There are 2 protein chains.
Amino acid sequence: MESAPEGAGLPTTQSPSSNDRREQLLEAADRVVQREGSAASMNLIAAEAGITKPILYRHFGDKGGLYRALADRHIDRLLARLRAALTTRGGLTARTRATVDAYLAAVEEQPQVYRFLMERAAAEDVAVRGQVLGVVRRFGDELADGLSAEAALAPIGETRARVWAQGIAGMVQAAGDWWLDHPDIPRGVVVDELIALMFGEFGLGTPSLGTPTA
Amino acid sequence: MESAPEGAGLPTTQSPSSNDRREQLLEAADRVVQREGSAASMNLIAAEAGITKPILYRHFGDKGGLYRALADRHIDRLLARLRAALTTRGGLTARTRATVDAYLAAVEEQPQVYRFLMERAAAEDVAVRGQVLGVVRRFGDELADGLSAEAALAPIGETRARVWAQGIAGMVQAAGDWWLDHPDIPRGVVVDELIALMFGEFGLGTPSLGTPTA
DNA sequence: CTATGGTGTTACCGCTGGTAACCTCCTGTC
DNA sequence: GACAGGAGGTTACCAGCGGTAACACCATAG
């Protein structure tokens, strides 16, 4: 517990050159992940950066730390895109569509990175798993909030919001995952089908469920 | 490529005692996974079975083979339970509810095993990932089929069925995943919320989407 | 008595994540 | 100018992993 004095999340104001080197190392790591996929190892990343292992460990503590920092970069960017899409002008459906599309677009652009984060990194480091799932969950959260505000529903319960957010996030994520193996299908089609699934077209005519207590 | 003469899936009619030993080894592996979680290694499994590594390798080829065999066992059982739930008497909603409940019940009973299959094994061996996702996808498939048959919809397109199945599967899986970290919530609540999400209550009053071409 | 085949072992390989010790050069201070 | 000191970097190592080769120990079959 005495190691890792500065976590990957806190933007500790350190010597500027150190932060620069950190960025360089992360970019090298990104290159390796993009090239080698799941076979990215600390040795390979160090070699790509033109240095040796111990430096990596000095900067990131351990492998999980590097993965976490790596995930942070991509997740920050992804979150920015999702937020931009979610605050588009338009109805709830249009905004949802834009957001789902933004997510799938990100997957499409960097499938290797996406796979790495989703499979390797998430399996290796619990925090990364939380981060990766968190981004999609947050998206689901905002979506559920928007729903309760716009769809003239009673404010949805806490548990319901959480479960729905997680469910929606998983839905989009799984569809994106599957889509990776079916690159012949255009992105727009997948988006359309997901939107159709979410907005009514699935259970149409079967509202035979007593609303649970809350 | 010259090794692994018999895959984990084909029930090769070998010497019967060999199959028995195989079952013994798998049970030992299960015990280790349940006890050690992600830290289960070939050495540990061999030790638990009272033997040494090479025997494991003679039986399963490599680590992926063992994982695959392990996944097969659990997935077969899970699939049986899901099928039973899906063929319950009752309307589509009730059957869907039973199936989701069966899935979450399985997760609840053996969270360690579930986590292992979902994270470790799926990340390590591509085939396992396909298997694990496959089980939930198959469930989504049957559900989508049932939908198109019962809900008086036009027979849904191939792509739509695939995307929906994957999406529904991911939804339930993600919710179950999240639920693992919130054991305070009763299973029934999660099931109810998921059913509510699937059947109409989400997009109520926002059918403002032109049905894509198909 | 010998061949064969399954069950089991010990001992090794290359590689991984991770660490300790050392070296070097640049900076600031008396 | 001399000297501490602290980055930045290296080599050399560790335990453990997945995986394999080689050998030993019975059996049963001819």
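This one's a predicted model, so the numbers in the text were calculated from it and none came from an experiment. (Residues numbered from 1 in each chain as written. Chains lettered and ligands numbered in written order. Predicted model: local features only at pLDDT ≥ 70, side-chain atom pairs only at ≥ 80, totals over all residues. Heavy atoms only, no water.)

S.K.: Would you explain the protein's contact with DNA strand D in this entry?
M.R.: As a structural note, the neighbourhood of DNA strand D is formed by 13 residues, with Thr52 and Arg58 of chain A together with Lys53, Tyr57 and Lys63 of chain B the closest of them. Within 4 Å of the protein, the contacting atoms of DNA strand D are 43% sugar and phosphate, with bases supplying the remainder. Take methionine 42 of chain B: an N or O atom from its main chain is 3.1 Å from a phosphate oxygen of DNA strand D. Here tyrosine 57 of chain B contributes a side-chain N or O atom positioned 3.3 Å from a phosphate oxygen of DNA strand D. Secondary structure elements with two or more residues in the surface near DNA strand D: helix 3 (53-60) of chain A together with helix 2 (42-48) and helix 3 (53-60) of chain B. Of the residues in the surface near DNA strand D, the class split is 6 nonpolar, 3 polar and 4 charged. (Near = heavy atom within 4 Å. Polar contact = N/O pair within 3.5 Å; in protein donor to acceptor, adjacent residues only side chain to side chain. Helix = DSSP H or I, 4+ residues; strand = E, 2+ residues; numbered from the N terminus. Nonpolar A, V, L, I, M, F, W, Y, C, P; charged D, E, K, R; others polar.)

S.K.: Just to check I follow, could you spell out empty space enclosed by the protein for this structure?
M.R.: Empty pockets left among the atoms are what a rolling probe the size of a water molecule brings to light. The full count for this structure, using the stated rule, is 6 cavities of 30 Å³ or more. Considered as a void within the structure, the largest cavity measures approximately 300 Å³ in volume. Together, 21 residues line the largest cavity, and Arg129 and Gln173 of chain A together with Met118, Arg129 and Gln173 of chain B are the ones closest to its centre. Secondary-structure elements contributing two or more residues to the lining of the largest cavity are helix 6 (111-124), helix 7 (126-150) and helix 8 (158-180) of chain A together with helix 6 (111-124), helix 7 (126-150) and helix 8 (158-180) of chain B. Of the residues assigned to the lining of the largest cavity, the class counts are 12 nonpolar, 3 polar and 6 charged. (1 Å grid on protein atoms, 1.4 Å probe; cavity = no way out; pocket = protein on both sides within 12 Å on 5 of 7 lines; lining within 4 Å. Points joined across faces, edges and corners; volume = space filled by probe spheres on them.)

S.K.: When you look at the protein's contact with DNA strand C in this model, what are you seeing that I'm missing?
M.R.: Taken together, 13 residues are adjacent to DNA strand C, and Lys53, Tyr57 and Lys63 of chain A together with Thr52 and Arg58 of chain B come closest. A share of 44% of the atoms of DNA strand C within 4 Å of the protein falls on sugar and phosphate groups. A distance of 2.8 Å separates a phosphate oxygen of DNA strand C from a polar atom in the backbone of lysine 63 of chain A. Threonine 52 of chain B places a side-chain nitrogen or oxygen 2.4 Å from a phosphate oxygen of DNA strand C. Broken down by secondary-structure element, the contributors of at least two residues to the surface near DNA strand C are helix 2 (42-48) and helix 3 of chain A together with helix 3 of chain B. Residues belonging to the surface near DNA strand C are distributed by class as follows: 6 nonpolar, 3 polar and 4 charged.

S.K.: Before we go on, may I ask you to explain the packing of aromatic side chains in this structure?
M.R.: Here a ring pair, both rings aromatic, is described through the centre-centre distance and the interplanar angle of the planes. Residue and element names in this part refer to chain B. Across all of its chains, the model carries 4 aromatic pairs over all chains by this definition. Aromatic side chains tyrosine 103 and tyrosine 114 sit 6.1 Å apart centroid to centroid with 80° between the ring planes, which places their arrangement in the edge-to-face category. A residue pair is termed long-range when its members are at least 10 positions apart, and tyrosine 103 in helix 5 (residues 92-109) and tyrosine 114 in helix 6 qualify at 11 residues. Tyrosine 114 shares its class with tyrosine 103; the two are buried. (Phe/Tyr/Trp six-rings, centres within 6.5 Å; stacked < 30°, edge-to-face > 60°. Buried < 20%, exposed > 50% of the residue type's maximum accessible area, 1.4 Å probe, protein only.)

S.K.: Please explain the layout of surface pockets as it appears in this structure.
M.R.: For the largest pocket, the calculated volume is near 600 Å³. Surrounding the largest pocket, 26 residues form its lining, Arg115 and Glu119 of chain A together with Ala122, Val126 and Arg129 of chain B being those nearest its centre. For the lining of the largest pocket, the element with the most residues is helix 6 of chain A, which contributes 7 residues. Its residues assigned to classes, the lining of the largest pocket shows 8 nonpolar, 7 polar and 11 charged. Of the pockets and cavities examined, the second largest pocket occupies roughly 450 Å³. What lines the second largest pocket is a set of 23 residues, and nearest its centre among them are Val126 and Arg129 of chain A together with Arg115, Glu119 and Asp181 of chain B. Those elements that provide at least two residues to the lining of the second largest pocket are helix 6, helix 7 and helix 8 of chain A together with helix 6 and helix 8 of chain B. It is helix 7 of chain A that contributes the most residues to the lining of the second largest pocket, 6 residues altogether. For the lining of the second largest pocket, the per-class residue count stands at 7 nonpolar, 7 polar and 9 charged.

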